[in-house]
Amino acid sequence: MKNNVPQKSVPQKVNKRIGVIERYFDILPVSSKTPVITLSEGSTPLIKADNLKKILGVNFNLYLKYEGLNPTGSFKDRGMTVAVSKAAELGAKAVICASTGNTSASASAYAVRAGIKSIVVIPEGAIALGKLSQALIHGAEVVAVKGNFDRCLEIVIEICENYDVELVNSINPNRIEGQKTAAYEIAEALGDTPGYQFMPVGNAGNITAYWKGYKELNEKRNLKLPVMMGFQAAGSAPIVEGKIVKDPRTIATAIKIGNPASWKQAESARDESDGVIDKVTDEEILSAWQNLADREGVFVEPASAASFAGLKKYLKEGNFDPDFRGNVVCILTGHGLKDPDRAIDTVSRPPVVEDSVDKVVETAGIK
Ligand code: AN7
């Protein structure tokens, strides 16, 4: 009798994981002349979060788009494959970015594959350890500036105006094009666009990219437009407050940004989708971050948890209908291993015991 159980002796066919450019060639600004610089980014899982759904006591379907599973550990890779491929097509010798960390990790990795030099300008002392180690191990020229991210961005923009280097921050439209593919993936996974999308907002490139993707899906496939729910950290919430934050503060260093480059576009996404851009405190971010890790097994960096923190806040304050009939997606932008210091600081250190079975059994509470 035939059955569908795979035989152990037969190697299973492994599907080739293709990158964003190959998968979405037709909707990206690439041609057969574009060298494809890829690390097989994208195709990240959309994880059903039934444990969190239960804790929240809600009736909608809750999903987590785990962008931390991209090759360098963040959503930036979707945009970077396009930006660096286009830079290579133009014969660029060097790419440059200002970064709170993830852009630099991604740019330096893709630049290596393209054989292009990468220059990374970061705010001194404000980059999570994992991200800094990535840029360094990929051989980027890393310059730490005595100033915040916003100042770093001003500096690299001025450098690009005067020198032959290619900017790969999200004001480069190729970044936005690449990142919009995440909206397509979500729509493909759900068979529809979500009703609501919660996400962190820093420099606001990503919300701009998702909104572009969803608008294209609306025009081309007649899918409904989701409501975009963007969240900044309370200590660095310029869009919420309607003014530049000179000295942004938050433990979520990825979104410690006081003057977002795509400010206007983020406001358009908010207004056109009937959504909000609001803020969550560091405490709310850390609590959501912990929930994702100890309830769903999904370890993200703190900034990523701003999305779920925003959903929790809206539910708690009675501003979101727990009986909403539809799909709600929280975007988780970066991997937890990016910022190991934060995790170690937050949880208690493991106990150290003598090397005996009894001690381990007793200490671990094994019954
Ligand atoms: C994990 O790396 O700006 O609103 O220089 O790393 O598109 O800026 C990172 C941003 C959210 C915010 N989550 O996205 C950088 C940088 C994580 C991030 C954001 C960032 P945008």
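Residues numbered from 1 in each chain as written. Predicted model: local features only at pLDDT ≥ 70, side-chain atom pairs only at ≥ 80, totals over all residues. Heavy atoms only, no water.

**So, the overall build of the chain**
Point 1. Secondary structure summary: the chain contains 15 helices and 10 strands in total.
Point 2. Compactness check: the chain gives a C-alpha radius of gyration of 21 Å against a globular reference of 21 Å for 367 residues, within 12% of the reference.
Point 3. Viewed in the frame of its principal axes, the chain has a C-alpha envelope of about 70 × 55 × 55 Å.
Point 4. Looking at the chain as a whole, 53% of its 367 residues qualify as buried.
Point 5. Nonlocal contacts in the chain, meaning residues at least 24 apart in sequence, comprise 72% of its contacts between residues at least 6 apart.
Point 6. Working note: accessible area of the chain is about 17,300 Å², and carbon and sulfur atoms make up 51% of it.
Point 7. Averaging the coordinates of the 44 positive side-chain charges in the chain and doing the same for the 44 negative ones gives two points 4 Å apart. (Helix = DSSP H or I, 4+ residues; strand = E, 2+ residues; numbered from the N terminus. Rg over C-alpha atoms; globule rule 2.2 N^0.38 Å. Buried < 20%, exposed > 50% of the residue type's maximum accessible area, 1.4 Å probe, protein only. Contact = heavy atoms within 4.5 Å. Areas by Shrake-Rupley, 256 points an atom, 1.4 Å probe, with all protein chains shown as cover. Lys, Arg positive; Asp, Glu negative; His and termini not counted. Charge placed at Lys NZ, Arg CZ, Asp CG, Glu CD.)

**Re the domain arrangement of the chain**
Point 1. What the domain assignment lists for the chain is domain 1 (21-73 + 175-346) and domain 2 (76-171).
Point 2. If you average the C-alpha positions of domain 1 and of domain 2, the two centres end up 22 Å apart.
Point 3. Surface buried jointly by domain 1 and domain 2 totals about 3,200 Å² across both partners, of which 53% is contributed by carbon and sulfur atoms.
Point 4. For the domain 1 face of the interface with domain 2, the top three residues by lost area are Ile-37, Arg-175 and Lys-338, together amounting to 27%.
Point 5. Where domain 1 meets domain 2, there are 3 salt bridges.
Point 6. For Arg-78, the salt bridge is made with Glu-67, and the minimal N-O distance between the two is 2.5 Å.
Point 7. With 4 residues, helix 7 (residues 173-179) is the largest single contributor of residues to the side of domain 1 that touches domain 2.
Point 8. Looking at the side of domain 1 that touches domain 2, its residues break down into 17 nonpolar, 17 polar and 12 charged. (Domains from an automatic or database assignment. Buried area = accessible area lost by both parts, 1.4 Å probe. Salt bridge = Lys/Arg side-chain N within 4 Å of Asp/Glu carboxyl O. Nonpolar A, V, L, I, M, F, W, Y, C, P; charged D, E, K, R; others polar.)

**A word on the site of the ligand**
Point 1. Taken together, 22 residues sit near the ligand, with Asn-102, Thr-103, Asn-203, Asn-206 and Thr-333 positioned nearest.
Point 2. Between the ligand and Thr-100, the relevant distance is 2.8 Å, taken from an oxygen atom to a main-chain nitrogen or oxygen of the residue.
Point 3. At 2.8 Å from an oxygen atom of the ligand is found a main-chain nitrogen or oxygen belonging to Gly-202.
Point 4. With the chains in place, 99% of the 470 Å² that the ligand exposes on its own is no longer accessible.
Point 5. Elements represented by at least two residues in the shell around the ligand include exactly helix 4 (102-114) and helix 9 (205-221).
Point 6. By residue class, the composition of the shell around the ligand is 8 nonpolar, 12 polar and 2 charged.
Point 7. Residue-level mapping places the shell around the ligand at the junction of two domains, with at least three residues from each of domain 1 (21-73 + 175-346) and domain 2 (76-171). (Near = heavy atom within 4 Å. Polar contact = N/O pair within 3.5 Å; in protein donor to acceptor, adjacent residues only side chain to side chain.)

**Quick word on the side chain of Ser-170**
Point 1. As for its placement among the helices and strands, Ser-170 is situated in the loop between strand 6 (166-167) and helix 7.
Point 2. Once you skip the residues sitting within four places of it in the chain, Ser-170 turns out to touch Arg-175, Ile-176, Asn-203 and Gly-205.

**Side note on helix 4**
An α-helix turns once per 3.6 residues; consequently, residues spaced three or four apart project the same way.
Point 1. Between its terminal C-alpha atoms helix 4 stretches 19 Å, which fits the 18 Å expected from 13 residues at 1.5 Å a residue.
Point 2. Among the residues of helix 4, Asn-102, Thr-103, Ser-104, Ala-105, Ser-106, Ala-107, Ser-108, Ala-109, Tyr-110 and Ala-111 are the ones counted as buried.
Point 3. Where helix 4 is buried, its residues touch helix 3 (76-89), strand 3 (94-98), strand 4 (117-123), helix 5 (129-137) and helix 7.
Point 4. Looking one or two residues beyond helix 4, the residue adopting positive phi is Gly-115, at roughly 70°. (Expected span 1.5 Å × (residues − 1).)

**Observations concerning unusual backbone geometry**
Point 1. Not every positive phi belongs to a glycine, and Ser-40 is a case in point at roughly 60°.
Point 2. Positive phi is not limited to glycine here, since Asn-222 has a value of about 60°.
Point 3. Mapping Asn-222 onto the fold places it in the loop between helix 9 and strand 8 (227-233).

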